[in-house]
Every structure is written in C-alpha cells, then in structure tokens.
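# Coordinate inspection notes
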Amino acid sequence: MQAVTTIATLLAFLSPFERFVSPKQMVAYAGLNPRIRQSGQWNGKTSIAKTGNSQLRKALYMPAVCAKRFNPVVAVFCERLLARGKCQMQVIVAAMRKLLHIVYGVLKSGRPFSSEIALA
C-alpha cells in the first residue's frame, strides 16, 4: 500500500515529466539540492536547500530508508557514504536524491528498473 501511495505522489508532483531536462532539475524541484554556505575563506555547514516541494521530500523519506536496506544499488551507495564518515541523515538525504535519479531514468527510458543495469 505504501508503494502505491508513493508512486501516486511522485507522479502527481512530477508531471508533466517533460519539463525536467536533467535529473538535477528534478532534485532541485524537490528541494534536495545542497545549499552551500561560504564567504571567502569561511565555510559554513552545508544542508539541503528546502526551497522545493516539501510534500515530495516527505513522500521520498521512507522509501529512501527502505532502499538503504533492501535496494542493492542504493545500499552500496549508502555504505560508501557511511565509510566516508557521513552521518545517518546525510546518507538518507543522499538516498532520496539517488531515488529521484532512478525515477528520472525509469521515466526517461520507459523501461522498468533493473539493478543489474544500474550496478554495471
């Protein structure tokens, strides 16, 4: 049931899909792009922009948590980030971004997701 709700939410907020030229635009629309805070030599804490659609971010949170455990592509990606010292919330946000990239690829190609292709 949760998957059907997530799919319906994604399709509702991302349609018409043709307005996105790249997955980066889709990520920015969702507000998951990084907001870099720096001035001269001072570097602040980097967080997500949150200027996009909050409902879309909310719809992607639990699927990202589940994908971190069960999707082989996202799990490998998350393990690599954890090994680099990222905290859990940063990893979940990165998984949300990764899921949006996967959604973009599936919608653009018109083919179902295949972990063998994604891992290659």
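The structure under discussion appears in the preceding block.
Attention here is on the structure that accompanies the text. Predicted model, so just to flag it, every value in this text is computed and none were measured. (Residues numbered from 1 in each chain as written. Predicted model: local features only at pLDDT ≥ 70, side-chain atom pairs only at ≥ 80, totals over all residues. Heavy atoms only, no water.)

Turning our attention to helix 3 (residues 54–70). Here helix 3 spans 25 Å end to end across 17 residues, near enough to the 24 Å set by a 1.5 Å rise per residue. All of the buried residues along helix 3 are L56, R57, A59, L60, A64 and A67. On its buried side, helix 3 packs onto helix 1 (2–14), helix 2 (23–30), strand 4 (47–48), helix 4 (72–83) and helix 5 (88–109). Two or three places before Q55, at the opening of helix 3, N53 has a side-chain oxygen 3.0 Å from that residue's backbone nitrogen. (Helix = DSSP H or I, 4+ residues; strand = E, 2+ residues; numbered from the N terminus. Expected span 1.5 Å × (residues − 1). Buried < 20%, exposed > 50% of the residue type's maximum accessible area, 1.4 Å probe, protein only. Contact = heavy atoms within 4.5 Å. Polar contact = N/O pair within 3.5 Å; in protein donor to acceptor, adjacent residues only side chain to side chain.)

Here helix 4 spans 16 Å end to end across 12 residues, near enough to the 16 Å set by a 1.5 Å rise per residue. Considered for burial, the residues of helix 4 that qualify are V73, V74, A75, F77, C78 and L81. A positive backbone phi angle near 95° is found at G85, which sits one or two residues after helix 4.

Looking now at unusual backbone geometry. In this chain, S15 is followed by P16 through a cis amide linkage whose omega measures -5°. Counting through the fold element by element, P16 comes out in the loop between helix 1 and helix 2.

Looking now at the side chain of N71. Structurally, N71 is set in the loop between helix 3 and helix 4. Looking at N71, the relative accessible area reads 15%, which means it is buried.

Taken N-terminus to C-terminus, the directions of helix 3 and helix 4 make an angle of 90°; their axes are 6 Å apart at the nearest point. Considering their axes alone, helix 3 and helix 4 lie roughly perpendicular with respect to each other. Residue-level contacts link A67, K68 and F70 of helix 3 to P72, V74, A75 and C78 of helix 4. (Axes fitted to C-alpha atoms, helices over the stretch in contact; angles between N-to-C directions. Parallel < 35°, antiparallel > 145°, perpendicular 65-115°, else oblique.)

Let's shift gears to the nonpolar core. Of all hydrophobic cores here, the largest spans 27 residues; its most connected members are L14, M26, L32, V74 and L100. Where this core is concerned, the elements lending two or more residues are helix 1, helix 2, helix 3, helix 4 and helix 5. Top contributing element to this core by residue count: helix 5, with 11 residues. Setting aside chain neighbours within four positions, we find L100 in contact with L14, M26, V27, A30, L32 and L60. (Core = buried A, V, L, I, M, F, W, Y, C linked by side-chain atoms within 4.5 Å.)

Let us look at the environment of Y104. With respect to the helices, strands and loops of the structure, Y104 is situated in helix 5. Discounting chain neighbours no more than four positions away, the residues touching Y104 are F17, F20, V21, S22, P23 and M26.

Before going further, it helps to examine the environment of G52. Following the sequence through the fold, G52 ends up in the loop between strand 4 and helix 3. Classification of G52 by relative accessible area gives partly exposed; the value is 22%. Setting aside chain neighbours within four positions, we find G52 in contact with A28, Y29, A30, G31 and R57.

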